[in-house]
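One-letter residues, chain by chain:
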Amino acid sequence: MPSGRRTVWEWAAESWADAESAVTKALLLGVFCLGLLAQFVRPVGDALEDKAYLGGAILSLVGYVLYAEVRRLNDALRPQAREEIRTEDLRQYFGRALAAGRPERIRIDAIGYTGETVVRPVLRVLEDFGGEGQPPPVVIRILVPDFTAPMAVPGRLDGDGKAVDDPDFRAALLSKAQGFAGALDELAQDLAGRRVVDARFRALHITPFLKFCLINDEELFDGIYDEVVKKTARTPTQRQVLDLMGYKASLTRWHVRSGAEAREKVAQRRQLFDTLWELASALPAPPSAHA
């Protein structure tokens, strides 16, 4: 079992990382001072004349410093292997992806409760689209639970305080998902001729707690609906219902450029989404206003 104590190598590596900057600056300052001294003190200059090895050593030192700084810059620019973000911050990532000048299509795939987490920020980003140039098409696929099938959560509390199915609450959630699907369809029509938006909703009898979003097979935002809340519903009859909340929950962000672990995580979620999407059916259409 690990003892929790650092090895000699780990201690030495950490100590060098702390001292490397100071040592490098001291060496460079020494080289600078030696050059000035050689320039103005003849004996020193004569002693250093034709010292090719010394010149090579100094150039090697300068090269090492430049390499180290470039490496630090690359490390700073590389996305973290994983980082926690707030769900409400998704808009900036959608905006970055949708505004990118990439020629190929932009794809956003998500699994969620009603689609709200993705649809609201995407709508705001696309509504702000100015129409300059020829932007790439956007493909949005959102998978939600099948609210036509019985489920305990979301549901209601029975007389014994147990979770049971609530068809009326499920119908309300289905209507909400249909509303988000309709909002995307309306925006696609408004942007016709300026930007192609292909948005589709599907439903499958899966756990409603699952939540993740993929952007261009490059970024993954992974999480769950981590709160079950009890609230009062007054229509059609007053009762205690069980709803899921997750808008304030944190998401784990993974980027394929962060390393092997992130690439594997993104690939796993991609495979899961594609499998479930093929198994799912189209979201039921809302009832006609003239029905």
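Preceding this paragraph is the structure being described.
The rules behind each value
- Residues numbered from 1 in each chain as written.
- Predicted model: local features only at pLDDT ≥ 70, side-chain atom pairs only at ≥ 80, totals over all residues.
- Heavy atoms only, no water.
- Helix = DSSP H or I, 4+ residues; strand = E, 2+ residues; numbered from the N terminus.
- Expected span 1.5 Å × (residues − 1).
- Buried < 20%, exposed > 50% of the residue type's maximum accessible area, 1.4 Å probe, protein only.
- Arc of directions from axis to C-beta.
- Contact = heavy atoms within 4.5 Å.
- Pairing = 2+ DSSP bridges.
- 1 Å grid on protein atoms, 1.4 Å probe; cavity = no way out; pocket = protein on both sides within 12 Å on 5 of 7 lines; lining within 4 Å.
- Points joined across faces, edges and corners; volume = space filled by probe spheres on them.
- Nonpolar A, V, L, I, M, F, W, Y, C, P; charged D, E, K, R; others polar.

Here helix 7 (residues 260–279) spans 29 Å end to end across 20 residues, near enough to the 28 Å set by a 1.5 Å rise per residue. Among all positions of helix 7, only Ala262, Val266, Arg269, Arg270, Phe273, Leu276 and Trp277 are buried. Seen from one end, helix 7 has its buried residues packed into an arc of 140°, which puts them on one side. Exposed side of helix 7, more than 90 degrees from the buried face: Ala260, Gln271, Glu278 and Leu279 are the residues found there. Residues of helix 7 that are buried make contact with strand 2 (106–111), strand 3 (138–145), strand 6 (197–204), strand 7 (210–215), strand 8 (219–224) and strand 11 (250–255).

Reading across from one edge, 1-11-8-7-2-3-6-12 is the order of the eight strands in this open sheet, with mixed pairing throughout. Each of the sheet's edge strands pairs with one partner strand only, and the pair in question is strand 1 (83–86) and strand 12 (281–282). In terms of strand pairing, strand 3 meets strand 6 through eight bridges, oriented parallel. When the sheet's bridge partners are listed, Val139 is paired in strand 6 with Asp198.

Counted according to the given criterion, the structure contains one cavity of 30 Å³ or more. For the largest cavity, the calculated volume is near 90 Å³. If you go around the largest cavity, you meet 16 residues; those closest to its centre are Ala110, Ile111, Thr117, Val118 and Lys211. At the level of secondary structure, the elements contributing two or more residues to the lining of the largest cavity comprise strand 2, helix 5 (116–127) and strand 7. Residues belonging to the lining of the largest cavity are distributed by class as follows: 11 nonpolar, three polar and two charged.

Another point: the layout of surface pockets. Computed from the structure, the largest pocket encloses a volume of approximately 420 Å³. If you trace the largest pocket, you find 23 residues lining it, with Tyr113, Glu116, Lys176, Asp243 and Leu244 closest to the centre. Elements represented by at least two residues in the lining of the largest pocket include exactly helix 5, helix 6 (167–190), strand 9 (227–233) and strand 10 (239–245). Across the lining of the largest pocket, the residue classes break down as 11 nonpolar, six polar and six charged.

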